[in-house]
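Listed here are the chains, written in short residue letters.
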Amino acid sequence: MVGGDTSKSRRTTGLTPEVIAEVVAEVGPLWRERHQAGLTSRPRRRAVGAGAKHKLVFVDRLLATLVSLRHGATHDVLACWFGVDRSTITRAIDEVRPLLAERGCTVASGLRLRTLADVIDHLGADGQTGIVDGTEVRVRRPATGRKDRDKFISGKNKQNAVKSMVVREAEGRLLFCGPAEPASCADITHARKLGLVKLLANGPAVEILPDAGYQRLGAQTGGRAITPPHRKFKKDPPEWYEEMHERQRKAHSSRRIRVEHGISHLKN
């Protein structure tokens with residue numbers, strides 16, 4: 001991979017083959033030195049030929065660490081990719097990450113938002129627009145005899161599922177994913193349970209873009225939640241109104257399209 005196609009390497013690790021070669025030349029000797037020091041410090045000595053027969057060379061350890069940092073891949077997936085045990089990947093990442101940090105390659109700590117209230121305060125302080133949406137994940141059918149078994153059936157997909165509320169920035173960064181509720185719970189009911197209505201009504205001035213599932217949220221939050229335009233004519237609407245309604249609906253949808261990409265990435 002180090003000498004492979006540049007575009008493929010950038011998509012996989014975020015670095016070009018040239019940069020990876022530089023990191024290997026600079027960090028590799030440090031890893032070998034520490035690795036040998038750890039082996040010699042052990043009181044127990046293995047016999048010649050004992051131990052694991054399939055060890056990762058430093059290049060593979062570095063690539064596994066880069067892929068883990070860039071894509072958040074689980075250690076089980078990386079273990080299947082490199083053909084080793086999961087514990088080998090875990091140990092390799094624990095060894096390589098401090099070396100990358102010493103070189104200056106660190107993950108910024110940033111601001112940690114632990115609750116929905118922290119998210120609303122963060123959006124209000126920075127004057128950013130938040131995007132709210134509910135997403136469903138299909139689950140196995142609950143066991144027979146469970147009291148709330150029917151509550152897991154989604155009215156939208158007619159399948160057993162759980163639902164979570166997601167909040168993202170207008171730029172697309174995921175800020176909050178709420179706890180799962182049975183899929184029969186309406187989006188706006190779920191928002192009330194999480195306290196979103198009270199936080200918007202009593203908190204800082206912030207603009208939130210929900211979909212039509214939160215239709216009454218705007219009136220309950222003093223207009224801070226902007227929902228799609230409500231259809232006033234149910235039968236035989238004028239042509240001019242249809243054009244205006246469609247234009248407003250598309251404008252609102254285009255502002256909140258990033259939440260769909262964020263939900264897809266979260267599920268993947």
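Residues numbered from 1 in each chain as written. Predicted model: local features only at pLDDT ≥ 70, side-chain atom pairs only at ≥ 80, totals over all residues. Heavy atoms only, no water.

Enquirer: What should I look at first to understand the nonpolar core in this one?
Expert: Nonpolar side chains tend toward joint burial in soluble globular proteins. Core analysis: the biggest nonpolar cluster contains 20 residues, and Val119, Met165, Val167 and Leu196 have the highest contact counts within it. Of all the elements in the fold, those that place two or more residues in this core are helix H6 (116-126), strand E2 (161-169), strand E3 (174-177), helix H7 (187-194) and helix H8 (196-202). The element contributing the most residues to this core is H6, with 4 residues. Residues in contact with Val167, not counting those within four places in the same chain, are Leu116, Val119, Leu123, Ile131, Val132, Arg173, Leu174, Leu175 and Phe176. In terms of nonpolar packing, the next biggest core, distinct from the first, is built from 12 residues, Val23, Phe58, Leu62 and Leu66 among them. (Core = buried A, V, L, I, M, F, W, Y, C linked by side-chain atoms within 4.5 Å. Buried < 20%, exposed > 50% of the residue type's maximum accessible area, 1.4 Å probe, protein only. Helix = DSSP H or I, 4+ residues; strand = E, 2+ residues; numbered from the N terminus. Contact = heavy atoms within 4.5 Å.)

Enquirer: Is there a simple way to think about the pairing of E2 in this case?
Expert: The two faces of the sheet receive side chains in turn, since in a regular strand these alternate between them. Counting buried positions over the 9 residues of E2 gives 9, a clear majority of the element. Because side chains alternate across E2, one face comprises the buried residues Ala161, Lys163, Met165, Val167 and Glu169, and the other comprises Val162, Ser164, Val166 and Arg168, equally buried. Two strands pair when backbone bridges link them, and strand E1 (residues 129-138) and E2 are joined in this way by 9 bridges, in the antiparallel orientation. Looking across to E2, one finds that Thr135 is bridged to Ser164. Note that E2 and E3 share 3 bridges and pair antiparallel. (Pairing = 2+ DSSP bridges.)

Enquirer: Mind showing me how you'd approach the environment of Gly213 here?
Expert: By the element assignment, Gly213 lies in the loop between strand E5 (207-209) and helix H9 (217-220). Dropping the residues within four chain positions of it, Gly213 is found in contact with Asp187 and Ile188.

Enquirer: Honestly, the packing of helix H3 (residues 58-71) against helix H5 (residues 86-103) in this entry has me stumped. Any pointers?
Expert: What describes two packed helices is the angle between their axes and the distance between those same axes. Relative orientation of the contacting elements H3 and H5 amounts to 85°, with a least axis distance of 9 Å. The orientation of H3 relative to H5 falls into the category roughly perpendicular. Judged by residue contacts, Phe58, Arg61, Leu62, Ala64, Thr65, Leu66, Ser68 and Leu69 of H3 engage Ile89, Ala92, Ile93, Glu95, Val96, Arg97 and Leu100 from H5. Residue composition of the contact of H3 with H5, by class: 10 nonpolar, 2 polar and 3 charged. (Axes fitted to C-alpha atoms, helices over the stretch in contact; angles between N-to-C directions. Parallel < 35°, antiparallel > 145°, perpendicular 65-115°, else oblique. Nonpolar A, V, L, I, M, F, W, Y, C, P; charged D, E, K, R; others polar.)

Enquirer: What's the story with the pattern of salt bridges in this structure? I'm lost.
Expert: Close approach of charged atoms allows side chains with opposite charge to pair. In the structure shown here, the tally under the stated rule is 9 salt bridges. Residues Arg86 and Asp76 are paired through a salt bridge, measuring 3.6 Å at the closest nitrogen-oxygen approach. Note that Arg86 is positioned in helix H5 and Asp76 in helix H4 (residues 75-82), a separation of 10 residues in sequence. Salt-bridge contacts for Arg249 lead to Glu246; the nearest nitrogen and oxygen are separated by 2.6 Å. With Arg249 and Glu246 both in helix H10 (residues 239-255) and 3 residues apart, this pair spans about one turn of that helix. (Salt bridge = Lys/Arg side-chain N within 4 Å of Asp/Glu carboxyl O.)

Enquirer: Would you mind showing me how to read H7 here?
Expert: Along an α-helix, residues three or four apart share an orientation, since each turn contains 3.6 residues. Those residues of H7 that fall on the buried side of the exposure criterion are Asp187, Ile188, His190 and Ala191. Buried positions in H7, seen along its axis, are confined to an arc of 155° and lie on one side of it. Gly195 sits one or two residues past H7 and shows a positive phi near 85°. (Arc of directions from axis to C-beta.)

Enquirer: Even after reading the chapter, I still don't get unusual backbone geometry, so can you show me in this structure?
Expert: Glycine aside, the phi torsion of most residues is negative, and most peptide linkages are trans. At Asp236, a residue that is not glycine, the phi angle is positive and equals roughly 50°. Note on placement: Asp236 falls in the loop between H9 and H10.

Enquirer: Just checking my understanding: could you explain the environment of Gln248 for this structure?
Expert: Residue position: Gln248 is located in helix H10. Sequence spacing of Gln248 and Pro229 is 19 residues, and the spatial spacing of their C-alpha atoms is 6.8 Å.

Enquirer: Sorry if this is basic, but what is going on with H5 here?
Expert: Spanning 18 residues, H5 covers 26 Å between terminal C-alpha atoms, matching the ideal 26 Å at 1.5 Å per step. All of the buried residues along H5 are Thr88, Ile89, Ala92, Ile93, Val96, Leu99 and Leu100. An end-on view of H5 places all buried positions within 140° of arc, on one side of the element. Counted as exposed and oriented over 90 degrees from the buried face of H5: Asp94 and Glu102. Buried positions along H5 lie against helix H2 (17-40), H3 and H4. Backbone geometry just after H5 places Gly104 at a positive phi near 105°. (Expected span 1.5 Å × (residues − 1).)

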